[in-house]
Structures are given as C-alpha cells and as structure tokens.
Amino acid sequence: MEALSNKRKVMESKPLNFLERIYLPAIFQGLAITMRHFWRKPVTIQYPEQQREYSENFRGLHSLKRDENGKERCTACGLCALSCPAEAITMTAAERQKGEEHLYREEKYAAVYEINMLRCIFCGLCEEACPKEAIYLDGPHVTSDYLRKDFIYGKDKLVEAPLNQ
Amino acid sequence: MELADIIIKFALVVIIFAISLLIALYSTYAERKVAAFFQDRLGPNRAGPWGILQPFADGGKMFLKEEIIPATASKFLFIAGPSLSIFTACIGSAVIPWGKQLVIAGHTVDLQVTDINVGVLYILGVVSLGVYGVMIGGWASNNKYSLLGAIRAASQNISYEISMGLAIIALLLVTGTLSLRQIAEQQHGFWANGWFTWNFFKQPLGFLLFIVCAFAETNRTPFDLPECETELIGGYHTEYSSMKLGFYLFSEYINMFVSGAVMATLYFGGYNFPFMDMIHSPNLVAILGVVALFAKIFFFIFFFMWVRWTIPRFRYDQLMDLGWKALIPLAIANIVITGIVITFLNR
C-alpha cells in the first residue's frame, strides 16, 4: 500500500541488547526527563483567583441587549426560537402600552423570554438569526445548580442591566 | 550509668522519635509537592503559606475518619498489623549514628541512641520484621486483594533481603566491622591515602544493589506491588481506614527516612563531610556533621520520590526475575571481586 505520508516508521522487534537489558541507562534517561520538568514553570491556573481568558469568539451565557437609550431591543419576532436546533427558547409576545416607550424600543416586546440552559447547545444560531441585534452569547459559563427548573433562565437573568443605574 | 546519662539518652530517644515522625509527616507533603513539580503542577498550596499546614490537615482528617473493622476480619491481628508496622519502622533509627560526640558542660553526649556492635545486623533484622506488619494486616483483613498484596509483600521482601544481605557482606569485607559508629568513623573526611574515604567509591556496585533492594524493602515504586492501586485496589491496606491506614502510610515514610539514613551512613560517609578537618571546634564539627547527614538523608528521600514519579511499576515476574536472576548473581560476583581486590591490596 502506498504510504499516505512519509512519517511512517517501520518498527522491528529485536531482542534487547545488553544496555537495554540492564535497564539503568533507560532509567537515568527517564530521571533526566523528569528533572527537566521539575524546573519547568507550572501550567496551573489557580482558578478562583486567576481565570483563563476566554477566546474572542467564545459563546457563553446569552444576554438580551438594550439600545443606546436603554430600551430593550427584542421585539419577540420568534426567529431565535425558530432557528434554535435544540428548541431551548420560548417567548410570549406582548404589546407595548402607553407610557412604556422608555422600556421597549418597538411596539411589540417579549413579556416572557425563557431559555432552557440544559437544552441550549451554545451554537450561536439565535444571535445569527436575530434581525434586531438583541441577543448575543457574550456572557460567562452557565453555572451549575441543583434543580432542573433553576436552569430555565428568564428575563431577570438574561436582560442586560439598565444603562444608568 | 549516671542519672545525667540516662536523662540524656532518654531525651535523645524522644528527639529522634519526634524528628522521624516530623520528617514522615512532611514527607507526605514533600511527596505531593515533588510529584506536582515533576508534572508541571503546583501541588497543595491552600492550607497555610505554600500549603505547609497540609500534613496537619491530612492527619486531622485521618483521626476523624470512621474506624471500620470488617465483620469477618480477625480483630486482634487487624489491629496488630499496623501497630507492628509503625513500631518496626520507628525502632530502626536506634543504631544510626547521627553525629560525632558533643561536649556540653563537661558531659560527652553521644549522638546515637546505642552503639551496639552488630548494628548492621540489627538494621537487617528490623527490616525483615517490617514485612510482618504488612503480612498480618493483609491476612487479617479476610479480603482477596489484601491477601494477594500481603503475599506479594512477603515474597518480594524475602527475595530482596537476600541480595541486600549479600550487598552488605561485600561492604563488611571492606569495613571489617558491624558497628555503624565505626563504619561512619572509617569514612572520616572525604579523601585519604589516595582514594575517597566514602564507601560508595569502594563499593559502587554494592551501593547500586543496596539502593535497589532498599526500594523493594520500603515498597516504593517501581517495587510497590504489594499496594498497587490499579490491580489490587490498595493491596494489603484495602480494608483499612482512619488512623490505622494512616499508620501504614506513615510507616512507609518513616522507612524511607530510616533507609535514607542507613544508606548515607553505610555508603555516603554518614555525618562526615569534605574538609571537616579544617574546622577546629569539635562541637561545631559535630553539629555540621548532623546537618550533613540530614542533607544526605533528604537527598535520598527526594531520590525515592524522583524515582517514584519516573519509573512505572514492574510486572510481578519481572520483579522476581530481577531479584533472583540479576541482583543475587551480581551481589555474589561483587563479594568475590571485593574479596580478590582486598587480598591483593593487603599483600
């Protein structure tokens, strides 16, 4: 058979020669290798104090964005829920009442917006689907919890903090 | 014997006992730290600065754990096993000469608990007693894995004691005495009469055999078959919990300390160090000698750990092959060569 790469190395099993049979050269070789590691800088990241930097395109917890005036951008169009391959997103739309113009950017908004974090696969299709640039997966990891119901994140956890408060 | 001498001896016993326990305590910490450094990690660093309180946390945990004695175990032997194990580990240090004589207010203080004239034999005897703790504990547990571990420990220790004894016989041909104090005195300084005084340079092969056997006798990797986790869950101490398990683990570290001391005394000059004749105060020489001995012991303990995190475990037949087919013939050849060389040198 043609070799796929020239990295193939033909191994042959020969009986051990004298130096190999008395183990000692191999043992000293091994001791030298571990001693080199002894002086190497530890790779440990001491987690609670130090944190590894996330990559630029890391996809974490979702956040529902506000516009420059602090109004929620989401109009409850449902495209994110539709695009979601894991069916993790549900929402209930509502009509904006008089006097709520400072809260919601357009006439329709999401009264309830829930993401089931146990279903979500963090693929990022919802942020691609959103026509209003309202949802981004720019948060940290989703933390662990004890009950399944606590993994259904509502607007209290998802909506960005108000601008000036 | 005067009262003052008895008090001094008693104090010495207590100090040596405390030091060997303290060193065993911190060996557990050192083992974890050293292992971490060899694997590019940090090791325990949460309890106190750099984690130096970690052994006390571990010890406290050991004491507070539930004490379980299996219903089918032989209760007396189950308790006797770890007790014997730590007892034999602790009495080994009695014949080690820790330093030259100190003179304090006219009193001459021997830095050795007892200078019996068969010190080497005493060490060998204590070492061979050590396996009984493992055997009794493994047998009394009434558990297949424990029994297998105990059987392995017994046959391994018997096999390697032979080559250890033969390696020491070659050393005794050189020294001509069994007293550890005299052996240490013979290695005074570092260089005399055109050759090194330390026995390592007179018996390099003997030292190699001895250190291999010391690894086997202390059940350290690559000879830790009696307690290999992967095959036997923990070997002879599978059924042990709480401080009885702690005693088994502890005696392993005390054994490491004692065998480091024995190797330093027999082969690496004991409390002697180079250029010791240039210091004229005898007390200073004695104290520096103790420091030198402990430096050597700590190096050996480190070496034990270094090897543990480098070499994988032997297979059981390989272990027996090495012991019977390699070490014993080598040790006998070493005796013959040493005898011939000494005969020609004495001509």
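Residues numbered from 1 in each chain as written. Chains lettered and ligands numbered in written order. Predicted model: local features only at pLDDT ≥ 70, side-chain atom pairs only at ≥ 80, totals over all residues.

Draft legend 1. The overall build of chain B, seen in detail. Helix and strand content of chain B: 11 helices and four strands. Referenced to the eigenvectors of the C-alpha coordinate spread, the extents of chain B come out at roughly 65 × 50 × 45 Å. When the 347 residues of chain B are sorted by exposure, 43% land in the buried category. In chain B, of all internal contacts separated by at least 6 residues, the share reaching a separation of at least 24 is 78%. (Helix = DSSP H or I, 4+ residues; strand = E, 2+ residues; numbered from the N terminus. Buried ≥ 20, exposed ≤ 12 C-beta atoms within 10 Å, placed from the backbone. Contact = placed C-beta atoms within 7 Å.)

Draft legend 2. Local environment of the overall build of chain A. On a plain count of helices and strands, chain A comes out with five helices and five strands. Projected onto its principal axes, the C-alpha coordinates of chain A cover approximately 95 × 45 × 35 Å. Residue burial in chain A is summarised as follows: out of 165 residues, 13% are buried. A sequence separation of at least 24 residues applies to 72% of the contacts in chain A between residues at least 6 apart.

Draft legend 3. Region of the structure containing the interface of chain A and chain B. If you look at the interface, chain A gives 10 residues, while chain B gives 10 residues. Looking at the side of chain A that touches chain B, its residues break down into five nonpolar, four polar and one charged. (Nonpolar A, V, L, I, M, F, W, Y, C, P; charged D, E, K, R; others polar.)

Draft legend 4. Quick look at the pairing of strand β3 (residues 108-116) of chain A. All names here are of chain A. Sheet topology places strand β2 (residues 89-95) next to β3; seven bridges connect them, and they run antiparallel. When the sheet's bridge partners are listed, Thr90 is paired in β3 with Glu114. Examined bridge by bridge, β3 and strand β5 (residues 152-153) share two bridges and lie antiparallel to one another. Within β5, the residue paired with Ile115 across the bridge is Tyr153. (Pairing = 2+ DSSP bridges.)

Draft legend 5. Looking closely at helix α9 (residues 242-267) of chain B. All names here are of chain B. Here α9 contains 26 residues, and its C-alpha end-to-end distance of 38 Å stays within 8% of the 38 Å for a straight helix at 1.5 Å per residue. Most of α9 is tucked away: 23 of the 26 residues are buried. Just downstream of α9, Gly269 is the residue with a positive phi angle, here 80°. (Expected span 1.5 Å × (residues − 1).)

Draft legend 6. How the structure looks around unusual backbone geometry. Of note, the phi angle at A:Ala76 is positive, near 55°, even though the residue is not glycine. Looking at the element boundaries, A:Ala76 is found in the loop between β1 (63-64) and α3 (79-83). Phi at B:Asp40 is positive, roughly 60°, even though this residue is not glycine. As for its position among the elements, B:Asp40 is in the loop between α1 (3-38) and α2 (54-64). A count of 13 C-beta atoms within 10 Å places B:Asp40 in the partly exposed class.

Draft legend 7. Representation of the environment of B:Trp324 in the model. Structurally, B:Trp324 is set in helix α11 (residues 316-346). In the structure, B:Trp324 is positioned 165 residues away from B:Ser159 in sequence and 6.9 Å away in space, judged by C-alpha atoms.

Draft legend 8. View of the packing of helix α3 (residues 75-91) of chain B against α9(B). Residue and element names in this part refer to chain B. In contact at an axis separation of 8 Å, α3 and α9 are set at 20° when each is read in the N-to-C sense. Looking at the two axes, α3 sits roughly parallel to α9. Pair α3 / α9 crosses with left-handed handedness. Residue-level inspection shows Pro82, Ser85, Ile86, Ala89 and Cys90 of α3 in contact with α9, the latter providing Lys244, Phe247, Tyr248, Phe250, Ser251, Ile254, Asn255 and Val258. For the contact of α3 with α9, the residue count by class is nine nonpolar, three polar and one charged. (Axes fitted to C-alpha atoms, helices over the stretch in contact; angles between N-to-C directions. Parallel < 35°, antiparallel > 145°, perpendicular 65-115°, else oblique. Left-handed = near helix turned anticlockwise from the far one by under 90°.)

Draft legend 9. Quick look at the nonpolar core. Core analysis: the biggest nonpolar cluster contains 67 residues, and B:Ala167, B:Phe210, B:Cys213, B:Ile254, B:Phe257 and B:Met263 have the highest contact counts within it. Among the elements that line this core, the one with the most residues is α9(B), at 15 residues. Apart from the residues lying within four places of it in its own chain, the contact partners of B:Ile254 are B:Ser20, B:Ala24, B:Ala89 and B:Cys90. Residues A:Tyr104, A:Tyr109, A:Ala110 and A:Cys126 belong to the second largest nonpolar core, which totals 16 residues. (Core = buried A, V, L, I, M, F, W, Y, C linked by C-beta atoms within 7 Å.)

Draft legend 10. Examining the sheet that holds β5(A) more closely. Ordered in space as β2-β3-β5 (chain A), the three strands form an open sheet in which the pairing is antiparallel. The open sheet has two free edges, formed respectively by β2 and β5 of chain A, since each of these has just one partner strand.

Draft legend 11. Representation of the environment of A:Leu16 within the structure. Residue and element names in this part refer to chain A. Along the chain, the position of Leu16 falls in the segment before α1 (18-21). Accessibility expressed as a C-beta count within 10 Å gives 10 for Leu16, which makes it exposed. In this structure the C-alpha to C-alpha distance between Leu16 and Phe151, which are 135 residues apart in sequence, comes to 60 Å.

Draft legend 12. Layout of the packing of α9(B) against helix α10 (residues 282-308) of chain B. All names here are of chain B. Remark: α9 packs on α10, axes separated minimally by 8 Å, with the N-to-C direction vectors making an angle of 120°. Considering their axes alone, α9 and α10 lie oblique with respect to each other. Here α9 and α10 pass one another in a crossing that is right-handed. Contacts from Met256, Phe257, Gly260, Ala261, Met263 and Ala264 of α9 reach α10 at Leu293, Lys296, Ile297, Phe300, Ile301 and Phe304. Per-class residue counts for the contact of α9 with α10 are 10 nonpolar, one polar and one charged.

Draft legend 13. Structural view of the confidence of the model for chain B. Mean pLDDT over chain B: 86, with 100% of residues reaching 70 or higher. Scored as a complex, the prediction yields pTM 0.81 and ipTM 0.77. (pLDDT = per-residue confidence, 0-100.)

Draft legend 14. Up close: helix α7 (residues 204-217) of chain B. Taking 1.5 Å of rise per residue, 14 residues should cover 20 Å, and α7(B) covers 20 Å from first to last C-alpha, within 8% of that figure. When we look at burial in α7(B), the residues that qualify are B:Gly206, B:Phe207, B:Leu209, B:Phe210, B:Val212, B:Cys213, B:Ala214, B:Phe215, B:Ala216 and B:Glu217.

Draft legend 15. Just the environment of A:Glu68, in detail. Along the chain, the position of A:Glu68 falls in the loop between β1 and α3. Once the C-alpha coordinates of A:Glu68 and A:Leu163 are considered, the two residues, 95 residues apart in sequence, prove to be 8.2 Å apart.

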